[in-house]
Amino acid sequence: MNPAIKVVKTTSENPDFIFLIETFDTFLWERYPELKKEYWGNNLIEFNPNVIVVYLDEKPVGCGCFKKYNGNTAELKRMFVSPEARGLGLAQLIIKEVEIGARDQGFKTLILETLYKQIEAISLYQKVGFEIVENYEPYVGLTNSVCMSKSI
């Protein structure tokens with residue numbers, strides 16, 4: 001039987017989104033304990049009305065959102081799929097939904113930052129059309145960051 005996939009457009013106040021990003025943060029800090037101090041200030045969750053949560057058989061398993069970076073550019077943030085739900089195309093689904101939302105609000109470019117050890121994420125982003133670019137603020141000079149961009 002195929003799992004039931006549901007995509008919900010919501011806000012950063014959604015309890016399932018909060019649960020997923022707390023899980024994501026735990027994963028990141030376990031993988032990069034040396035970077036917690038350097039990156040913690042970039043990790044604040046402010047109110048965001050542009051959140052996507054994906055459910056698999058009614059269980060929240062993935063999320064992503066975007067926020068305005070400048071007049072023409074939105075930034076993909078808080079992209080995460082739970083390990084047990086990987087390999088099902090959910091990350092690509094989240095990215096597609098974020099792109100649609102950003103484009104509908106008039107943005108022309110989507111940017112993102114990830115960390116250099118996130119080989120699978122970098123590969124996924126390249127697969128869906130992102131290219132590695134020079135680090136943008138606030139990541140300029142942070143050698144652990146990989147910044148990417150895509151026209152939408």
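Residues numbered from 1 in each chain as written. Predicted model: local features only at pLDDT ≥ 70, side-chain atom pairs only at ≥ 80, totals over all residues. Heavy atoms only, no water.

A. Examining the packing of aromatic side chains more closely. Throughout the structure, instances matching the rule amount to five aromatic pairs. With 5.6 Å between their ring centres and 85° between their planes, Tyr-136 and Tyr-139 make a pair best called edge-to-face. In this structure, Tyr-136 and Tyr-139 share a single accessibility class: buried. An aromatic cluster of three or more residues is present, and its members are Tyr-69, Tyr-136 and Tyr-139. Taking the ring centre of Tyr-55 as reference, the NZ or CZ of Lys-6 above it sits at 5.1 Å. Above the ring of Phe-27, the side-chain terminus of Arg-86 is found at 5.8 Å from the ring centroid. (Phe/Tyr/Trp six-rings, centres within 6.5 Å; stacked < 30°, edge-to-face > 60°. Buried < 20%, exposed > 50% of the residue type's maximum accessible area, 1.4 Å probe, protein only. Lys NZ or Arg CZ within 6 Å of the ring centre and 35° of its normal.)

B. Expanded view of helix 3 (residues 90–104). Helix length check: helix 3, at 15 residues, gives a terminal C-alpha distance of 21 Å against a target of 21 Å (1.5 Å per residue), a fit within 8%. Among the residues making up helix 3, those that are buried are Leu-90, Ala-91, Ile-94, Ile-95, Glu-97, Val-98, Glu-99 and Ala-102. One or two residues past the end of helix 3 sits Gly-106, with phi positive at roughly 95°. (Helix = DSSP H or I, 4+ residues; strand = E, 2+ residues; numbered from the N terminus. Expected span 1.5 Å × (residues − 1).)

C. Region of the structure containing the environment of Phe-19. Considering the arrangement of structural elements, one finds Phe-19 in helix 1 (residues 15–31). Relative accessible area serves as the criterion here: at 45%, Phe-19 is assigned to the partly exposed category. As a C-alpha pair, Phe-19 and Phe-66 span 47 residues in sequence and 18 Å in three-dimensional space.

D. Representation of the pairing of strand 7 (residues 145–151). Within strand 7, six of the seven residues are buried, leaving the element largely enclosed by the surrounding structure. Of the pairings in the sheet, the one linking strand 5 (residues 109–115) to strand 7 comprises seven bridges and is antiparallel in character. Residue Ile-111 lies in a different strand from strand 7, and its bridge partner there is Ser-149. With three bridges joining them, strand 6 (residues 131–133) and strand 7 adopt antiparallel strand pairing. The residue of strand 7 that forms the bridge with Val-133 is Cys-147. (Pairing = 2+ DSSP bridges.)

E. How the structure looks around the sheet that holds strand 6. Within the open sheet, the seven strands sit side by side as 1-2-3-4-5-7-6. Their pairing is mixed. The strands lining the two open edges of the sheet, one partner per strand, are strand 1 (5–10) and strand 6. The mean angle between the axes of side-by-side strands here comes to 30°, regardless of whether they run parallel or antiparallel. As paired strands, strand 4 (residues 73–81) and strand 5 are joined by three bridges and run parallel to one another. Following the sheet pairing, Thr-73 is matched in strand 5 by Thr-109. Against the sheet, helix 3 engages strand 1, strand 2 (51–56), strand 3 (59–68), strand 4, strand 5 and strand 7, with an angle of about 155° to strand 4. (Axes fitted to C-alpha atoms, helices over the stretch in contact; angles between N-to-C directions. Contact = heavy atoms within 4.5 Å.)

F. View of the nonpolar core. Residues Leu-76, Ile-95, Leu-110, Tyr-125 and Phe-130 are the most contacted members of the largest nonpolar core, which totals 28 residues. Elements that contribute at least two residues to this core include exactly strand 2, strand 3, strand 4, helix 3, strand 5, helix 4 (119–127) and strand 7. It is helix 3 that contributes the most residues to this core, six residues altogether. Look past the residues within four positions of Tyr-125 in its chain and what remains in contact with it is Leu-76, Met-79, Ile-95, Leu-112, Thr-114, Phe-130 and Met-148. In this structure, Phe-24, Leu-28, Val-53 and Leu-115 belong to the second largest nonpolar core, which totals 13 residues. (Core = buried A, V, L, I, M, F, W, Y, C linked by side-chain atoms within 4.5 Å.)

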